[in-house]
Amino acid sequence: MPKLTKSVVDTIPYPETGQIFYRDSEIKGFGLRVGTGSKVYIAEGKVNNKTVRVTIGRHGIFTAEQARQEAKNILGMIARGINPNDADKAKRARSVTLAEAFQAYLKARSSLKPRTIYDYRRLMGTYLADWQNKPLVEISKDMIEHKHREIGARSPAQANLTMRFVRAILNFAIGQYEDSAGNPIITDNPIKRLSQTRSWYRVDRRNTVIKAHDLPAWLKAVHNLTDDSVGPNRELIRDYLLLLLFTGLRREEGLSLTWKQVDLKAKTLTLPDPKNRQAHVLPLSDFLYTLLTRRYAQTGKSSPFVFPGDGVKGYLNEPGKQMKRVTAESGVAFTLHDLRRTFITVAESLDISAYAVKRLANHKMANDVTAGYIIGDVERLRIPMQRITDFLIHASLTDSAACD
């Protein structure tokens, strides 16, 4: 093959199928790959006895002389033992931004729950908006420390949460992105600065519950939620709040509950994929059975959800307005998770076994050796469940009970 020049390349025909390679007569390693509809300049050589081929570009976009000069540069790298493809890969890796790494993280962690993804996106948009287009390799320890303090001035809990999220992304990046030698582009997670300087904020775990002496007023206010032209879904919200209190379900577990998860004949409620990934079956107490039977008669045939709503998900939105109404009438401020804590607190106050409480709350017992030998059975939880229900109903009628 003669020297690859414009006139020579222009006259080379396209094959009907496959590809044909043409080698330059002057520069060893410089060539042309011709396909059925393209002519592409290449450079190739060996690095560590392995053939390396680098695409330079299409004929027409690159002139023959431009491609020849680029080939000299590439072949020079190969002669020094550098794989240009690895170098390009490393260059791209070093330019990966926080937002790009986050998208790769979500793709790799395909089992993340929708709520977790929602929380991650909220952190990215709220606290890390100015970092989204920043290359990962430019995120320094000083930047981490400054960002943590900046967020912490508004919310220490959110500052810690944001930094734990960034730590997860950077740990993922350490295993995902490499330089030309196969080494991580990030060798040390800068989040370590917060541990080394003991800068993590101390955030006490929230432990609020509805106290026994507040239960009568709270339950009365909840029962007073009745439908009218202004609030047509108040009774739906009433039953939702009561379900959380009498089962200890998390707010989203209650909101998204479907009739397929409720077995009125067996008097059970099943969460197939809860927060801890362990299927959760709860027995229904008499009170819950009556509540769900009534609810099914009202909405069971018109919606797959126990608490249907007009939102995009098809079920009830978080009932903030009616929660404020209950608080105003009862004088008891509460969150939806307070209802779960109240359920668990009541269970413990009744001297129900720790293992039964954990089963009812669906808390993990993976590190408990003894728990591994205990075979759970929903019927064994029916009596403890009924005891909790009886206590809550009794507490609604008297101020003498104590669960705090």
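So, how was this worked out
Residues numbered from 1 in each chain as written. Predicted model: local features only at pLDDT ≥ 70, side-chain atom pairs only at ≥ 80, totals over all residues. Heavy atoms only, no water. Helix = DSSP H or I, 4+ residues; strand = E, 2+ residues; numbered from the N terminus. Buried < 20%, exposed > 50% of the residue type's maximum accessible area, 1.4 Å probe, protein only. Pairing = 2+ DSSP bridges. Axes fitted to C-alpha atoms, helices over the stretch in contact; angles between N-to-C directions. Salt bridge = Lys/Arg side-chain N within 4 Å of Asp/Glu carboxyl O. UniProt positions renumbered as here; feature names shortened; annotations may be inferred.

1. Structural notes on the environment of K265
Turning to step 1, where the next piece is worked out: Residue position: K265 is located in the loop between β5 (262-263) and β6 (268-271).
Turning to step 2, where the next piece is worked out: K265 sits 127 residues away from L392 along the chain, and the two C-alpha atoms are 24 Å apart.

2. A few points about the environment of G320
Turning to step 1, where the next piece is worked out: Along the polypeptide, G320 turns up in helix α13 (residues 320-330).
Turning to step 2, where the next piece is worked out: In this structure G320 comes out as partly exposed when scored by relative accessible area, which is 32%.
Turning to step 3, where the next piece is worked out: In the structure, G320 is positioned 16 residues away from L336 in sequence and 9.6 Å away in space, judged by C-alpha atoms.

3. What about the sheet that holds strand β4 (residues 50-58)?
Turning to step 1, where the next piece is worked out: The four strands are arranged β1-β2-β3-β4 in an open sheet whose pairing can be described as antiparallel. What marks the edges here is a single partner per strand, and that holds for β1 (20-23) and β4. Sheet twist, expressed as the mean angle between neighbouring strand axes with direction ignored, is 30°.
Turning to step 2, where the next piece is worked out: Bridge count between strand β2 (residues 30-34) and strand β3 (residues 39-47): five bridges; the pairing is antiparallel. The partner of L32 across the bridge, within β3, is Y41.

4. Quick notes on the pattern of salt bridges
Turning to step 1, where the next piece is worked out: One pass over the full model with this rule turns up 23 salt bridges.
Turning to step 2, where the next piece is worked out: A salt bridge links E26 to K3; the shortest N-O distance between them is 3.9 Å. Placement of E26 in the loop between β1 and β2 and of K3 in the segment before α1 (6-11) is noted, with a sequence separation of 23 residues between them.
Turning to step 3, where the next piece is worked out: Of the residues examined, K3 reaches a relative accessible area of 28% and is grouped as partly exposed.
Turning to step 4, where the next piece is worked out: Between D24 and R68 there is a salt bridge, with its nearest N and O atoms 3.1 Å apart.

5. What to know about the UniProt feature "domain: Core-binding (CB)" (unreviewed entry) in the protein
Turning to step 1, where the next piece is worked out: According to UniProt, the positions carrying the feature "domain: Core-binding (CB)" (unreviewed entry) are residues 96-174.
Turning to step 2, where the next piece is worked out: A helix fraction of 70% and a strand fraction of 0% characterise residues 96-174, whose end C-alpha atoms lie 12 Å from each other.

6. Notes on unusual backbone geometry
Turning to step 1, where the next piece is worked out: A positive phi angle, near 55°, is found at N48, a position not held by glycine.
Turning to step 2, where the next piece is worked out: Secondary-structure assignment places N48 in the loop between β3 and β4.
Turning to step 3, where the next piece is worked out: Judged by relative accessible area, which is 74%, N48 ranks as exposed.
Turning to step 4, where the next piece is worked out: One non-glycine residue, R198, lies in the positive phi region at around 55°.
Turning to step 5, where the next piece is worked out: By secondary structure assignment, the location of R198 is in the loop between α8 (192-196) and α9 (215-223).
Turning to step 6, where the next piece is worked out: Judged by its relative accessible area of 79%, R198 falls in the exposed class.

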